[in-house]
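Inside the fold
Residue strings, one per chain:
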Amino acid sequence: MANNTVRTRFAPSPTGYMHVGNLRTALYAYLKAKNQDGTFILRIEDTDQERYVEGAVDIIYDTLRQTGLTWDEGPDVGGPVGPYVQSERMGMFKQYAEQLVKDGKAYYCFCTPERLEKMREEQKAGGAVVGHYDGHCRNLSQEEIQKNLDAGVPYVIRQKMPKEGVTSFDDAVYGHIEVNNSELEDQILIKTDGMPTYNFANVVDDHLMGITHVIRGSEYLSSTPKYNLLYQAFGWDIPVYIHCPPVMKDAQNKLSKRNGDASYQDLMEKGYLSEAVLNYILLLGWSPKGEEEIFTLEEMVKIFDEKGISKSPAIFDPLKLRAINAEYIRRLPAEKFQEIANPWIDRAVHVEIDRALLCANLQPRCEVLSEILEQLDFFDAVVPYTTDLYTNKKQKTSPETAKQALEALLPVLEGMQDWNRDAIFEACKQKAEEMEVKNGWLLFPLGIALSGKQRTPGGGTDLAAMMGKQETVKRIQDALKML
RNA sequence: GGCCCAUUGGUCAAGCGGUCAAGACAUCGCCCUUUCACGGCGGUAACCCGGGUUCGAUUCCCGGAUGGGUCACCA
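Bear in mind the structure is a predicted one, so any value in this text is a computation, not a measurement.

**Section: the overall build of chain A**
- Per the secondary structure count, chain A includes 19 helices and eleven strands.
- For a compact globule of 483 residues, the expected C-alpha radius of gyration is about 23 Å, and chain A comes in at 33 Å, more than 25% above that figure.
- Expressed along its principal axes, the backbone C-alpha trace of chain A runs to roughly 110 × 55 × 40 Å.
- For chain A, the residues scored as buried account for 52% of the 483 residues in total.
- Pairs at least 24 apart in sequence give 74% of the contacts found in chain A among residues at least 6 apart.
- Surface exposure of chain A reaches about 23500 Å², of which carbon and sulfur atoms provide 49%.

**Observations regarding the sheet that holds strand S7 (residues 188–190)**
- Here three strands make up an open sheet; going across it, the order is S3-S4-S7 and the pairing antiparallel. Across the chains shown, the open sheet's two edge strands, defined by having one partner strand only, are strand S3 (106–109) and S7. Recorded for the sheet is a direction-independent mean angle of 40° between the axes of neighbouring strands.

**Comments concerning the side chain of Arg216**
- By secondary structure assignment, the location of Arg216 is in strand S8 (residues 213–217).
- Looking at Arg216, its side chain comes within polar contact range of the side chain of Thr224, at 3.3 Å.
- Among the polar contacts listed, one links the side chain of Arg216 to the side chain of His243, at a separation of 3.3 Å.
- Each residue touching Arg216, except ones within four places of it in the same chain, is listed here: Thr25, Asn202, Thr224, Tyr227, Tyr241, Ile242, His243 and Cys244.

**Let's talk about the nonpolar core**
- Ranked by internal contacts, the top residues of the largest apolar core, which has 149 residues, are Leu27, Leu69, Leu282 and Phe379.
- When sequence neighbours within four positions are dropped, the list of residues in contact with Phe379 reads Val349, Val351, Ile353, Leu358, Leu463, Met466, Met467 and Arg475.

**With respect to the environment of Gln430**
- Mapped onto the elements of the fold, Gln430 is located in helix H16 (residues 421–435).
- Accessibility expressed as a relative area gives 53% for Gln430, which makes it exposed.
- C-alpha of Gln430 to C-alpha of Asp462: the two residues are 32 residues apart in sequence and 16 Å apart in space.

**Some thoughts on the pattern of salt bridges**
- Taken as a whole and judged by the stated rule, the model has 28 salt bridges.
- Close ionic contact of Arg43 with Asp206 constitutes a salt bridge, the shortest N to O distance being 2.9 Å. Residue Arg43 is located in the loop between strand S2 (39–42) and helix H2 (56–67), and its partner Asp206 is located in helix H6 (residues 198–208); the two are separated by 163 residues in the primary sequence. Of the two residues examined, Arg43 and Asp206, each falls in the buried class.
- One salt bridge connects Glu339 with Lys336, and the closest N-O pair in it is separated by 3.8 Å. Highlighted residues: Glu339 and Lys336, both in helix H12 (residues 334–348), separated by three residues, approximately one helical turn.
- Residue Glu339 is classed as exposed on the basis of its relative accessible area, which comes to 51%.
- Connected via shared salt-bridge partners are Arg9, Arg43, Glu45, Arg89, Asp205 and Asp206.

**Re the protein's contact with RNA strand B**
- Surveying the vicinity of RNA strand B reveals 59 residues, the closest of which are Thr192, Glu293, Lys320, Arg365 and Gln454.
- Counting only the atoms of RNA strand B that lie within 4 Å of the protein, the sugar and phosphate share comes to 72%.
- In this structure, Ser287 approaches RNA strand B through a side-chain N or O atom, which is 3.3 Å from a phosphate oxygen.
- At a separation of 2.9 Å, a base oxygen of RNA strand B approaches a polar side-chain atom of Lys394.
- Elements with a minimum of two residues in the surface near RNA strand B: strand S6 (175–180), H6, strand S11 (314–315), helix H11 (318–331), H16, helix H17 (439–451) and helix H18 (460–467).
- The residue makeup of the surface near RNA strand B, split by class, is 18 nonpolar, 20 polar and 21 charged.

**Re the pairing of S8**
- For S8, the tally of buried residues reaches five of five residues, placing the bulk of the element in the interior.
- Two elements, S8 and strand S9 (residues 240–244), share five bridges in a ladder whose sense is parallel. The residue of S9 that forms the bridge with Val214 is Tyr241.
- In this region the chain leaves S8, passes through helix H7 (residues 224–234) and returns to the parallel neighbour S9; the handedness of that crossover is right-handed.

**Describing the layout of surface pockets**
- Roughly 960 Å³ of volume is contained in the largest pocket.
- Around the largest pocket sit 42 residues that line it, and Ala11, Ser13, Asn22, Tyr198 and Tyr220 are the ones nearest its centre.
- Secondary structure elements with two or more residues in the lining of the largest pocket: strand S1 (7–10), helix H1 (20–35), H6 and S8.
- It is H1 that contributes the most residues to the lining of the largest pocket, four residues altogether.

Cut-off values and rules
- Residues numbered from 1 in each chain as written.
- Chains lettered and ligands numbered in written order.
- Predicted model: local features only at pLDDT ≥ 70, side-chain atom pairs only at ≥ 80, totals over all residues.
- Heavy atoms only, no water.
- Helix = DSSP H or I, 4+ residues; strand = E, 2+ residues; numbered from the N terminus.
- Rg over C-alpha atoms; globule rule 2.2 N^0.38 Å.
- Buried < 20%, exposed > 50% of the residue type's maximum accessible area, 1.4 Å probe, protein only.
- Contact = heavy atoms within 4.5 Å.
- Areas by Shrake-Rupley, 256 points an atom, 1.4 Å probe, with all protein chains shown as cover.
- Pairing = 2+ DSSP bridges.
- Axes fitted to C-alpha atoms, helices over the stretch in contact; angles between N-to-C directions.
- Polar contact = N/O pair within 3.5 Å; in protein donor to acceptor, adjacent residues only side chain to side chain.
- Core = buried A, V, L, I, M, F, W, Y, C linked by side-chain atoms within 4.5 Å.
- Salt bridge = Lys/Arg side-chain N within 4 Å of Asp/Glu carboxyl O.
- Near = heavy atom within 4 Å.
- Nonpolar A, V, L, I, M, F, W, Y, C, P; charged D, E, K, R; others polar.
- Right-handed = clockwise from strand over helix to strand, strands pointing away.
- 1 Å grid on protein atoms, 1.4 Å probe; cavity = no way out; pocket = protein on both sides within 12 Å on 5 of 7 lines; lining within 4 Å.
- Points joined across faces, edges and corners; volume = space filled by probe spheres on them.

Here it is in structure tokens:
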């Protein structure tokens, strides 16, 4: 891998399921790297023990692997700038903060939580910016500092922020953004326990790992100036920022991890295809140049351009996901469809049927694999129904005509030698011609008799072919008894 | 509340001073048809509101409204 190329990272916290918003961030980071022939890095940010969820790291691995977002450097595969698990990097941050203290760009702060609390109350009463640290320890004398240090007074390390002027940066998505430095407070770099704050660790890690493009959610937009002030304090190169708008559940609420169907795992269980999900989230907040919107991962890599990322939040639309999933299913080679449909068919059907023929009928009728279950509920046994199902205006059928139709069909079918789809249909069609009736008049009732349903994956003759002669004849005879 | 950001049909969105304002999903209708689908064809449907700037604003500027984000010894 060449030097100087793009290096992006996906840095999730193992705090639970992977929802589509997270996955989209990973996708974009992967695409950006690969589009430039760069390196995609996985870093696990597991320092929040409070929220740590058992097994969450595996979910991250599994999701990225299943979607094909393979990382070039990461906890398991290693790499030149490891370790890639943040908890294993904890020891190294304090020296960086102390370097800043030496340079006069940061300072020890011995303020107690109680004093901070009191300070905030006073700010509320006065006119000062509420919440900002008042700089109490910013100018302690060397003697005072040493005295406190010697006495073992707990302290944090804070960065000296400029009090005037503006800090600005150019985001690849949002453009030029600037904030007044007076809005920024002296941020804590190292906590009382000696551990770095998230922001600090993030900057140091990204720099040490040579990240050139930081791709993350827009919730970081307003803290980016703080990040940049840190890069500047160290004299490090500032990365390119690509902030992505949030994925919403509706106009008001972000997609929540709690909401079941938002997670990748749940979508898989519901019978969505991994490729389809990836394709949908690609389009959630990003638009391609042309009008094609179905892409393989390889194609995505080729066409991805962060300029296509939109600035406003996008609402997750399950209907569109379904449509894209349906498109993927339809494009599957027949054998492949049968392969992935089989487990679902197994759950619904326990008798022998012609699965190849079934699948040929199922494939265009199935938007999500889980639908297979309800669609095939009539194979084991006819679904209980009433004879008014035979009434169909368009086919001009009724229970009475159905009786005639089935009585006419029964001997035809009983006389079949070769029991296959085309032969059955031909024979039935001939019968219809002979009786001078429309195919539908004759065959619509057959479907009802065989299934007990008006909607089935395949017409009457298809169902007959699938379930076999014996079962077909039996079901017609049973149906006739009701008429 | 301060600051930052956003606002095109129901949804995702193209647009980047002059367009009959793309496309996709959804929806409606027609065709095809042994049900239902697939497929094909067609329809309905949008620039948040005021002011400017300009010969001309969806596009640029300023307000307002609405929505989102952010203001921790959490990540």
